[in-house]
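Survey of secondary and tertiary structure
The lines below spell out each chain.
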Amino acid sequence: MRLFNAWEMGQDQTKQQIEKGLHLYQSNQTEKALRVWMRVLEKSADPAGRFRVLGCLITAHAEMGRYKDMLKFAVVQIDTARELEDPDYLTESYLNLARSNEKLCEFQKTISYCKTCLNMQGTTVSQQLNGQDYEKALFFPCKAAELVNDYGKGWSLKYRAMSQYHMAVAYQKLGRLADAMDCCEESMKIALQHGDRPLQALCLLCFADIHRSRKDVQTAFPRYDSSMSIMTEIGNRLGLVQVLLGVTKCWMIQKELDKALESIEKAQELAEGLGNKLGLLKLHCLCERIYRTKEQQRELRDHVVKFHECVEEMELYCGMCGESIGEKNNQLQALPCSHFFHLKCLQTNGTRGCPNCRRLSVKPGYV
C-alpha cells in the first residue's frame, strides 16, 4: 500500500512540475522552464509523465531553433512510448521524430516516419499544397487568429504570433502590403519577446518580401541578409533557399541579371542537396525569365524543359484541364483521395467521383 501511495505522489509531483514549467514557458521564462522539465525527466518514475515532459522539451527546442536537441528528445520519447505499450503514445512519438527530421531537412526520414504513423493508425492526412490559391491560404490563419482571440486568453502568445505571420505571407501574395506589414510587425514583436529565432528569421524574410513587392529593394536587401544570418545559425537550409529566391528577384528588379544568376546557383545547390523539388521548380522558372531577357535560346530551352519535368514529377497540374498549377493565383480544391484540381473544373465537371481515380466521394479536402 505504501508503494502505491508513493507512486501516486510521484505522478502528482510530476504533473505539478510540468504545469509549473508550462507557466514559466508561457511567461517567456524559457530557460527556467527547461530546467524544471529537465529535473522532471531526471527524477520522475512515471512513464506517462516522462512522455509528456519530453513533448514539452521537443516543442520548446523546435521553437528555439535547436533542432538537434529536438531530435535527441524525440528519440528518447520513442523509447518511453514503447515502455508504455500504447499505440497512441507511439504514434505521437513517431510524429515528433518526423517533425524533428523535417526541421533538419532530412526529408526521406521524415516521410518514412510519417508513413509509420499512418500504418499504425490507418489515418489519412490532408494535403497541403504550395500552389497559388492565396485567398484560401489567407482563410486558415485568419481562423486561427480568430480562435486565439475568442478562446485563447490563457494560451501562449506564440499561437497568435504564428497566425499573424501566416496572415502576413498571404496578404503579401495578394498584394495587400499594408495589411501584410501590420501582421508581420505584430508577429515579430512577439517573436522578439519570446526569443523565438526561427520565427524572427521568417518575419525578416516576410518583411523583405513586402519591401521587394513595393520595389524598394534597398530596404529589402538588409532584411534578407538578417534573415539569412539567422537561418544559417539555426540550420534552416530550406529557409535559406527561400531567402535566395527573394534576393534573386531583387536583382532581377534592378536588371542585374548576372548577379541574379549567381544567387540562383547558390539556391540551386542547396535545393538539390535537400531534394527540394518545389524550390527547383521556382528556380527554373526564374532562369527561364532571365534567359528570355538575355535572349540566350539554348539556356532558355534547357530550363523550360526542366521546369516542365518538375511539374510532371510533382504532379502539379490539374487532373482535368491539364494546366500546370502554381504559375498564377487560382482557386484550387483537393479531394479526400489527395488529387487536386482547379475549383472551376470540378464545378463544371458534373461527375460524382474523382476524375483521376474514379472514387465516388467528392467531399472536399483542404488545400
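Residues numbered from 1 in each chain as written. Predicted model: local features only at pLDDT ≥ 70, side-chain atom pairs only at ≥ 80, totals over all residues. Heavy atoms only, no water.

To continue, consider the overall build of the chain. Along the chain, the regular secondary structure elements total 16 helices and two strands. Burial analysis of the chain (367 residues in total) assigns 44% to the buried set. Across the chain, the fraction of contacts at a sequence separation of at least 24, relative to all contacts at a separation of at least 6, is 55%. Surface exposure of the chain reaches about 20200 Å², of which carbon and sulfur atoms provide 50%. (Helix = DSSP H or I, 4+ residues; strand = E, 2+ residues; numbered from the N terminus. Buried < 20%, exposed > 50% of the residue type's maximum accessible area, 1.4 Å probe, protein only. Contact = heavy atoms within 4.5 Å. Areas by Shrake-Rupley, 256 points an atom, 1.4 Å probe, with all protein chains shown as cover.)

Together, K20, K32, R35, R39 and K43 give the surface a local cluster of positive charge. The dominant element in the positive patch, judged by the number of residues it contributes, is helix 2 (residues 30-43), at four residues. Examined against the element boundaries, R39 turns out to sit in helix 2. With relative accessibility at 38%, the residue R39 sits in the partly exposed group. (Patch = residues over 30% accessible without salt bridge, like charges linked within 9 Å, V, L, I, M, F, W, Y side chains within 5 Å. Salt bridge = Lys/Arg side-chain N within 4 Å of Asp/Glu carboxyl O. Lys, Arg positive; Asp, Glu negative; His and termini not counted. Charge placed at Lys NZ, Arg CZ, Asp CG, Glu CD.)

Attention now goes to the packing of aromatic side chains. Under the criterion given, the structure shown has four aromatic pairs. Arranged with centres 6.0 Å apart and planes meeting at 35°, the rings of Y94 and Y113 form a pair that is tilted. Within this pair, whereas Y94 is found in helix 5 (residues 87-103), its partner Y113 is found in helix 6 (residues 107-121), the two being separated by 19 residues in sequence. Note on Y94: relative accessible area 13%, which makes it buried. Ring centres of F221 and W251 lie 4.7 Å apart, and the angle between their planes is 45°; this geometry places the pair in the tilted category. Taken together, the residues F221 in helix 11 (residues 217-234) and W251 in helix 12 (residues 237-253) connect sequence positions 30 residues apart. (Phe/Tyr/Trp six-rings, centres within 6.5 Å; stacked < 30°, edge-to-face > 60°.)

This paragraph deals with the pattern of salt bridges. Per the counting criterion, the structure on display carries 11 salt bridges. Across the pair R197 and E233 runs a salt bridge, and its minimum N-O distance is 2.7 Å. Within this pair, whereas R197 is found in helix 10 (residues 197-213), its partner E233 is found in helix 11, the two being separated by 36 residues in sequence. For R197, a relative accessible area of 28% corresponds to the partly exposed category.

Turning next to unusual backbone geometry. For E85, which is not a glycine, the phi torsion comes out positive at approximately 55°. Topologically, E85 is positioned in the loop between helix 4 (67-84) and helix 5. Looking at E85, the relative accessible area reads 71%, which means it is exposed. With phi around 65°, K215 is a residue other than glycine that occupies positive phi space.

Glancing now at the nonpolar core. Judged by nonpolar contacts, the single largest core of 97 residues is most densely connected at W37 and Y224. If we skip the residues at most four places from it in the chain, W37 touches Q17, I18, G21, L22, Y25, V53, C56, L57 and A60. (Core = buried A, V, L, I, M, F, W, Y, C linked by side-chain atoms within 4.5 Å.)

We now examine the packing of helix 8 (residues 157-174) against helix 9 (residues 177-194). Their axes nearest at 8 Å, the elements helix 8 and helix 9 cross at an angle of 150°. With respect to each other, helix 8 and helix 9 are oriented roughly antiparallel. For the element pair helix 8 and helix 9, the recorded crossing hand is left-handed. Note on element contacts: helix 9 touches helix 8 through L177, D179, A180, C183, C184, E186, S187, I190, Q193 and H194, opposite L157, K158, R160, A161, Q164, Y165, M167, A168, Y171 and Q172. Taken together, the residues of the contact of helix 8 with helix 9 break down into 11 nonpolar, five polar and four charged. (Axes fitted to C-alpha atoms, helices over the stretch in contact; angles between N-to-C directions. Parallel < 35°, antiparallel > 145°, perpendicular 65-115°, else oblique. Left-handed = near helix turned anticlockwise from the far one by under 90°. Nonpolar A, V, L, I, M, F, W, Y, C, P; charged D, E, K, R; others polar.)

A few words now on the environment of K68. By the secondary structure assignment, K68 is in helix 4. We classify K68 as exposed; its relative accessible area is 68%.

Another aspect to go through is the confidence of the model for the chain. Where the model shows low pLDDT, its predicted coordinates should not be examined in detail. In the predicted model, the chain carries a mean pLDDT of 81, and 80% of its residues have values of at least 70. In this model residues 1-9 is a low-confidence stretch, pLDDT under 50, and it forms three contacts with partners more than four residues away in sequence or in other chains. Counted against residues more than four places away or in other chains, residues 359-367, with its pLDDT under 50, gives 31 contacts. (pLDDT = per-residue confidence, 0-100.)

Attention shifts here to the environment of K249. As for its position among the elements, K249 is in helix 12. Each C-alpha atom, one on K249 and one on R212, is 8.0 Å from the other, the two residues being 37 residues apart in sequence. Beyond its immediate stretch of four places on either side in the chain, K249 contacts R212 and L286.

Below, the discussion takes up the side chain of T248. Relative to the helices and strands, T248 is located in helix 12. For T248, the side chain forms a polar contact with the main-chain oxygen of L244, separated by 2.8 Å. Setting aside chain neighbours within four positions, we find T248 in contact with A260, S263, I264 and L286. (Polar contact = N/O pair within 3.5 Å; in protein donor to acceptor, adjacent residues only side chain to side chain.)

On to the packing of helix 3 (residues 47-63) against helix 4. Helix 4 packs onto helix 3 with a crossing angle of 160° between their chain directions and a minimal axis gap of 9 Å. Comparing their axes, helix 4 and helix 3 come out roughly antiparallel. Here helix 3 runs over helix 4; the crossing is left-handed. For the pair helix 3 and helix 4, contact is made by P47, A48, R50, F51, L54, G55, L57, I58, H61 and A62 and by Y67, D69, M70, F73, A74, V76, Q77, T80, A81, E83 and L84, respectively. Considered class by class, the residues forming the contact of helix 3 with helix 4 number 14 nonpolar, four polar and three charged.

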